[in-house]
Amino acid sequence: MVKAGKAARKVGPLATSPSHLMHRALQLALDIYAEETGADGLTQRQFAVLEAVSLKAGLTQTELVRMTGIDRSTLADLVTRMTTKGLLERERSTLDARAKAVRLSAEGAARLEAARPLVEAADKRIMALLPKGQRETFLNQLADLAAAADAAPDAAKAEAKAAKKALKAVEKEARKAEKAAKKADRPAKPPKVKKPKLKIVETA
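- As annotated in an unreviewed UniProt entry, the protein carries the name MarR family transcriptional regulator and comes from Brevundimonas fontaquae.

Written out as structure tokens, the structure is:
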């Protein structure tokens, strides 16, 4: 187990790469979690789903995605497996007839209750790796990153919508320019010459 305190930092590009360092930290956190919960314990994602469902019965998959941060395809497979294991029960949503909602089964509630102190122990071990004065800041920073992750899909949609709108504007201007160019290249029509009217003079 890594002891709290400042450790010698490696040099090189990986030492200053946030994505690499966060991946390493995640590996450490998951290892500690697995040690505390044991081989037969709930996985971190299973625990997150059960905790989310315990807060509100009858959650739809869309709501679970938003609450846990697990992507939709992974969550769908996870819920299916947890239902097969008897940890969750599925039912038709009362708000959307097309959606399936999930609730805790008796087995799921029991497993969740048993897992909570183990997860708490894992969290304490992780936080113990940091000096006390840095722990609150660390949690706040993690919360900020999680919030950014939650906002990312909406931001991506807004960006895609703005890009589509900008593309339409460009295409509209291009059509206008093309129309103007065609009009400029069109040869001018010669002026209409009025034919003189013939006046018939009657002779005696």
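Points about the overall build of the protein
- Along the protein, the regular secondary structure elements total six helices and three strands.
- From first element to last, N terminus to C terminus, the protein shows the α and β order α-α-β-α-α-β-β-α-α.
- Split into buried and exposed, the 204 residues of the protein put 18% on the buried side.
- Relative to all contacts within the protein whose residues are 6 or more apart in sequence, the contacts with residues 24 or more apart total 51%.
- When the accessible surface of the protein is summed, it comes to about 16300 Å², and 59% of that surface belongs to carbon and sulfur atoms.

Examining the pattern of salt bridges
- One pass over the full model with this rule turns up eight salt bridges.
- Among the salt bridges present, the one from Glu-35 reaches Arg-125, with a minimum N-O distance of 2.8 Å. Taken together, the residues span a long stretch of sequence, with Glu-35 in helix α1 (residues 18-37) and Arg-125 in helix α5 (residues 106-127) at a distance of 90 residues.
- Judged by its relative accessible area of 18%, Arg-125 falls in the buried class.
- For Arg-81, the salt bridge is made with Asp-77, and the minimal N-O distance between the two is 3.0 Å. Here Arg-81 and its partner Asp-77 are both found in helix α4 (residues 72-84), four residues apart, which amounts to about one turn of the helix.
- One connected set of salt bridges, linked through shared partners, spans Glu-35, Glu-36 and Arg-125.

Cut-offs and rules
- Residues numbered from 1 in each chain as written.
- Predicted model: local features only at pLDDT ≥ 70, side-chain atom pairs only at ≥ 80, totals over all residues.
- Heavy atoms only, no water.
- Helix = DSSP H or I, 4+ residues; strand = E, 2+ residues; numbered from the N terminus.
- Buried < 20%, exposed > 50% of the residue type's maximum accessible area, 1.4 Å probe, protein only.
- Contact = heavy atoms within 4.5 Å.
- Areas by Shrake-Rupley, 256 points an atom, 1.4 Å probe, with all protein chains shown as cover.
- Salt bridge = Lys/Arg side-chain N within 4 Å of Asp/Glu carboxyl O.

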